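# Examination of the molecular architecture
Given next are the chains, with one letter for each unit.
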Amino acid sequence: MIENMWDYNPQAHSDDQMLDLVGYDVETTDGKIGSVDEENNVVGDSYIVVDTGFWIFGKKVVLPAGTVHRVDPQERKIYVARTKEEIKNAPEFDEETYKEPGYRDSLGSYYGTL
């Protein structure tokens with residue numbers, strides 16, 4: 001279980017290496033799921049929004065920073081410690097409500113128990 005789902009693991013993404021992750025490809029443990037469409041780097045509320053393109057029919061997903069296992073700036077890739085199926089089964093992304101505390105709580109609970 002991840003201690004704080006909304007902070008990056010220091011080994012994955014350090015503050016002195018703060019990068020603009022928009023456009024980076026996102027790889028799960030079992031393949032690519034899309035690319036970063038948006039990011040938030042606020043301490044205690046960091047996440048990426050991934051545009052999944054064709055993978056789940058043009059939907060977006062929010063991945064809390066704690067799911068990020070590694071950032072590779074040379075390859076412009078983000079590796080997350082989750083499977084495609086786990087991400088697909090996460091609480092549904094809604095453009096209108098994804099920044100609200102209730103959605104964040106349900107997402108944090110979901111990913112925090114995997």
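Read on for a plain summary of the structure. Because the structure is predicted, anything quoted here is derived from the model rather than measured. (Residues numbered from 1 in each chain as written. Predicted model: local features only at pLDDT ≥ 70, side-chain atom pairs only at ≥ 80, totals over all residues. Heavy atoms only, no water.)

### Observations concerning the packing of aromatic side chains
- Taken as a whole, this structure holds four aromatic pairs when the rule is applied.
- Taking the centre distance of 6.4 Å and the plane angle of 85 degrees together, the rings of Tyr47 and Tyr98 count as edge-to-face. Note that Tyr47 is positioned in strand β3 (residues 47-51) and Tyr98 in the loop between α1 (84-88) and α2 (101-112), a separation of 51 residues in sequence.
- Look at Tyr110 and Tyr111: their rings are 5.0 Å apart centre to centre, the planes differ by 75 degrees, and that puts the pair in the edge-to-face class. The two residues Tyr110 and Tyr111 agree in class, both being buried.
- Among the aromatic side chains, those forming a connected cluster through ring pairs are Trp6, Tyr47, Phe93 and Tyr98. (Phe/Tyr/Trp six-rings, centres within 6.5 Å; stacked < 30°, edge-to-face > 60°. Helix = DSSP H or I, 4+ residues; strand = E, 2+ residues; numbered from the N terminus. Buried < 20%, exposed > 50% of the residue type's maximum accessible area, 1.4 Å probe, protein only.)

### Considerations on the nonpolar core
- Within the largest apolar cluster, 29 residues are counted, with the highest numbers of intra-cluster contacts made by Val26, Ile48, Val62, Leu63, Ile78 and Tyr111.
- Those elements that place two or more of their residues in this core are β2 (31-40), β3, β4 (60-64), β5 (68-72), β6 (77-80) and α2.
- Look past the residues within four positions of Val62 in its chain and what remains in contact with it is Tyr47, Ile48, Val49, Phe93, Tyr98, Tyr103, Leu107 and Tyr111. (Core = buried A, V, L, I, M, F, W, Y, C linked by side-chain atoms within 4.5 Å. Contact = heavy atoms within 4.5 Å.)

### As for the pairing of β4
- Across the five residues that make up β4, a large majority, four, are buried.
- The sheet contact formed by β3 and β4 spans five bridges and is antiparallel. Note on β4: the bridge partner recorded for Val49 is Val62. (Pairing = 2+ DSSP bridges.)

### As for the sheet that holds β3
- Ordered by their spatial adjacency, six strands build an open sheet running β4-β3-β2-β1-β6-β5, and the pairing between neighbours is mixed. The sheet terminates laterally at β4 and β5, the two strands that pair on one side only. Averaged over all pairs of adjacent strands, the angle between their axes in this sheet comes to 35 degrees, without regard to strand direction.
- One ladder, built from three bridges, connects strand β1 (residues 25-28) with β6; its direction is parallel. Within β6, the position partnered with Val26 by the bridge is Ile78. (Axes fitted to C-alpha atoms, helices over the stretch in contact; angles between N-to-C directions.)

### Brief notes about the pairing of β3
- The element β3 is extensively covered by neighbouring structure, given that four of its five residues are classed as buried.
- Relative to β3, β2 runs antiparallel, the two being bridged by five bridges. Within β3, the residue paired with Asn40 across the bridge is Tyr47.
- Here β2 folds back onto β3 in antiparallel fashion, the turn holding six residues, of which Gly44 has a positive phi close to 85 degrees.

### Some details on the environment of Pro73
- For Pro73, the position within the fold is in the loop between β5 and β6.
- The class of Pro73 is partly exposed, set by a relative accessible area of 27%.
- With 49 residues separating them in the primary sequence, Pro73 and Tyr24 have C-alpha atoms 8.5 Å apart.

### Focus on α2
- Between its terminal C-alpha atoms α2 stretches 16 Å, which fits the 16 Å expected from 12 residues at 1.5 Å a residue.
- Among all positions of α2, only Tyr103, Leu107, Gly108, Tyr110, Tyr111 and Gly112 are buried. (Expected span 1.5 Å × (residues − 1).)

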